[in-house]
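Examination of the molecular architecture
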Amino acid sequence: MPLSQAADVDAAVDSATGAFPGWRDTPAVDRIQILFRFKALLEAHRDELAESMTREHGKTLDESRGELARAIESVTHACAIPSLMMGATLENIAPGIDCETVRQPLGVFGVIAPYNFPVMIPLWFWPFAIATGNCVVLKPSERDPLTHQRVVDLLMAAGLPGGVLNVVHGDHRAVAALLEHPGVAGVSFVGSSDVARRVYGAAAAAGKRVQALGGAKNHIIVLPDADPDAAASAILSSVYGATGQRCLAGSIIVGVGEAYQPMRERVLDGAASLRLGNGLEPGVTMGPLISAPHRDRVAGYVAEGERAGARLLLDGRAASVPGYPAGHWFGPTVFEDVGPDMAIGREEIFGPVAGLTRADSLDAAIDLVHRNRYGNAISLFTRSGRAAREFRYRAGISMIGVNIGVVAPMAFFPFGGSRGSFYGDLKAQGNDAITFYTDQRVVISRW
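Residues numbered from 1 in each chain as written. Predicted model: local features only at pLDDT ≥ 70, side-chain atom pairs only at ≥ 80, totals over all residues. Heavy atoms only, no water.

With that settled, consider the overall build of the protein. On a plain count of helices and strands, the protein comes out with 16 helices and 18 strands. Relative to a compact globule of 447 residues, whose C-alpha radius of gyration would be 22 Å, the protein shows 23 Å and is just as compact. Judged by the C-alpha coordinates and their principal axes, the protein covers about 75 × 55 × 40 Å. Burial status across the protein gives 56% buried among its 447 residues. Sequence-distant contacts, at least 24 apart, represent 73% of the contacts inside the protein between residues at least 6 apart. Surface exposure of the protein reaches about 17,900 Å², of which carbon and sulfur atoms provide 53%. The positive charge centre, built from 41 side chains, and the negative charge centre, built from 46, are 2 Å apart in the protein. (Helix = DSSP H or I, 4+ residues; strand = E, 2+ residues; numbered from the N terminus. Rg over C-alpha atoms; globule rule 2.2 N^0.38 Å. Buried < 20%, exposed > 50% of the residue type's maximum accessible area, 1.4 Å probe, protein only. Contact = heavy atoms within 4.5 Å. Areas by Shrake-Rupley, 256 points an atom, 1.4 Å probe, with all protein chains shown as cover. Lys, Arg positive; Asp, Glu negative; His and termini not counted. Charge placed at Lys NZ, Arg CZ, Asp CG, Glu CD.)

A few words on helix α12 (residues 292–308). Between the first and last C-alpha of α12 there are 24 Å, a value that for 17 residues agrees with the 24 Å anticipated at 1.5 Å per step. Every buried residue of α12 is listed here: His294, Val298, Tyr301, Val302, Ala303 and Gly305. For α12, the secondary structure elements touched by its buried residues are β10 (311–314), β11 (333–336), α13 (343–346) and β12 (353–359). Two or three places before histidine 294, at the opening of α12, serine 291 has a side-chain oxygen 3.2 Å from that residue's backbone nitrogen. Where α12 terminates, the next one or two residues include glycine 309, which has phi positive at roughly 105°. (Expected span 1.5 Å × (residues − 1). Polar contact = N/O pair within 3.5 Å; in protein donor to acceptor, adjacent residues only side chain to side chain.)

Moving on, we come to the layout of surface pockets. Considered as a void within the structure, the largest pocket measures approximately 910 Å³ in volume. Phe189, Val190, Gly191, Ser192 and Val195 are, among the 35 residues lining the largest pocket, the residues nearest its centre. Of all elements in the fold, only α8 (172–180), β6 (186–190), α9 (193–205) and α12 reach the threshold of two or more residues within the lining of the largest pocket. Among the elements that line the lining of the largest pocket, the one with the most residues is α9, at five residues. Looking at the lining of the largest pocket, its residues break down into 16 nonpolar, nine polar and 10 charged. Considered as a void within the structure, the second largest pocket measures approximately 560 Å³ in volume. Together, 31 residues line the second largest pocket, and Glu63, Phe117, Ala242, Arg246 and Val406 are the ones closest to its centre. Broken down by secondary-structure element, the contributors of at least two residues to the lining of the second largest pocket are α4 (61–78), α6 (120–131) and α10 (228–240). For the lining of the second largest pocket, the class distribution of residues is 16 nonpolar, eight polar and seven charged. (1 Å grid on protein atoms, 1.4 Å probe; cavity = no way out; pocket = protein on both sides within 12 Å on 5 of 7 lines; lining within 4 Å. Points joined across faces, edges and corners; volume = space filled by probe spheres on them. Nonpolar A, V, L, I, M, F, W, Y, C, P; charged D, E, K, R; others polar.)

Okay, empty space enclosed by the protein next. Tallying each qualifying case throughout the model produces four cavities of 30 Å³ or more. Quantified by volume, the largest cavity comes out at close to 100 Å³. Partitioned by chemical class, the residues of the lining of the largest cavity number six nonpolar, five polar and two charged. Estimates place the volume of the second largest cavity at around 60 Å³. Forming the boundary of the second largest cavity are His219, Ile252, Val338, Gly339, Pro340, Gly345, Thr357 and Leu368.

The packing of two helices is summarised by the inter-axis angle and the distance between the axes. Closest axis-to-axis distance for the α6/helix α7 (residues 146–157) pair is 11 Å, and the angle between their directions is 30°. Of the two possible hands of crossing, α6 and α7 adopt the one that is right-handed. Along the contact surface, α6 presents Pro122, Leu123 and Trp126, while α7 presents His148, Val151 and Leu155. In terms of residue class, the contact of α6 with α7 is made up of five nonpolar, one polar and no charged. (Axes fitted to C-alpha atoms, helices over the stretch in contact; angles between N-to-C directions. Left-handed = near helix turned anticlockwise from the far one by under 90°.)

The next point concerns the sheet that holds strand β9 (residues 250–256). Sheet architecture is open: seven strands sit in the order β10-β11-β12-β9-β8-β14-β15, paired in mixed fashion. Among the strands making up the open sheet, the edge pair consists of β10 and β15 (399–402). Sheet twist, expressed as the average angle between the axes of neighbouring strands with direction ignored, equals 20°. Where β9 lies against β12, five bridges are found, and the strand directions are parallel. Directly across from valine 256, in β12, lies its bridge partner alanine 359. (Pairing = 2+ DSSP bridges.)

Moving on to the nonpolar core. Within the largest apolar cluster, 82 residues are counted, with the highest numbers of intra-cluster contacts made by Phe38, Leu42, Trp124, Phe125 and Trp126. A per-element tally of this core places α6 first, with 10 residues. Excluding its chain neighbours within four sequence positions, the residues that come into contact with leucine 42 are Leu49, Ile72, Val75, Leu123, Val151 and Leu154. If you look at the next biggest cluster of nonpolar residues, it comprises 30 residues, including Leu223, Val302, Ala359 and Ala365. (Core = buried A, V, L, I, M, F, W, Y, C linked by side-chain atoms within 4.5 Å.)

Set out below in structure tokens:
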């Protein structure tokens, strides 16, 4: 794929700008017919896309299929735009005067996506943007752009007019060109928190709308009354699914009181039983990391955890898979006695590394969470409704799970964190997406 330069971004924005008047004039009920056809094509090509994603990214085939299901869910919700965009009216706000609100598209939006969910994450954004009448310049991750390029081919086959969705490839130079371009009204971004903060600052300084979703350090708290087998199963899926390369992955597992020891044993046994390999092969439960540099980064965190005094119970650094000597393998890794001030206790690793720690009470566990700068997701495992209510009231995190390992809202709810995990006001998906991609106009009339 090309590494697009500023001139390519200029051409894409010009294309989107030229297409905007005609696309905006297209009735919403006609715009969504294209999305309906696109949804049907995604479903028809589901197996092809899942295999492509596994070959390109490395996640298992089941994980790719699950990602596609969530991606299709986003497109389905965007098909409801004629209802979601409706305004409100009130007659006679004063004698002979009526007032109404309408939502109108703003023009051209940029969408900048990460590598970890190469199909799903772009579909958090651009279906809503184009359904509301905007045009889009999409920059997929340069690490795995091919599968989403095929998704865009299907969209074109569904009948989308030229210029409505434009794709540029590349690295930080293409991103900078989008952030600075005067023809771009807003930007949707997902990536690390440090980059999200810079994206937010640059886009906001240029007068753009911006939603920048960052990283995470998600805690999973297990109370003594929790179902230990259900909790362990959910923890393993959360920590090691997608090889830990997702912002909703559990990272710090907090056993409260007597829950710690049985949780420790189950997590350790379950992690050791995971099978690394080619995600297309049956029985494989964890694929490789995305690249050699990222594998080295994760290994660096493990080494730092040892130096800081955390106890390494399971070390995945020497993992290998027969027949794939050049694979970016990293096996399941488990630490215990992880403190909140250690790098492995406070920073996002984005790999298959679990940190176990103890707390004397739910209050103490929540205090641990509040010491971390991130605020993306958190989960509690308990049978107590009272504890669950106290937890959701005090957690202070945007996405809260009770007896749920991966706190992934459906497309009709907003998705996004708080504190150091999110920069902006309006989240992805749900009603927030409609608000973000449109401006609410108030019309006051006397006839």
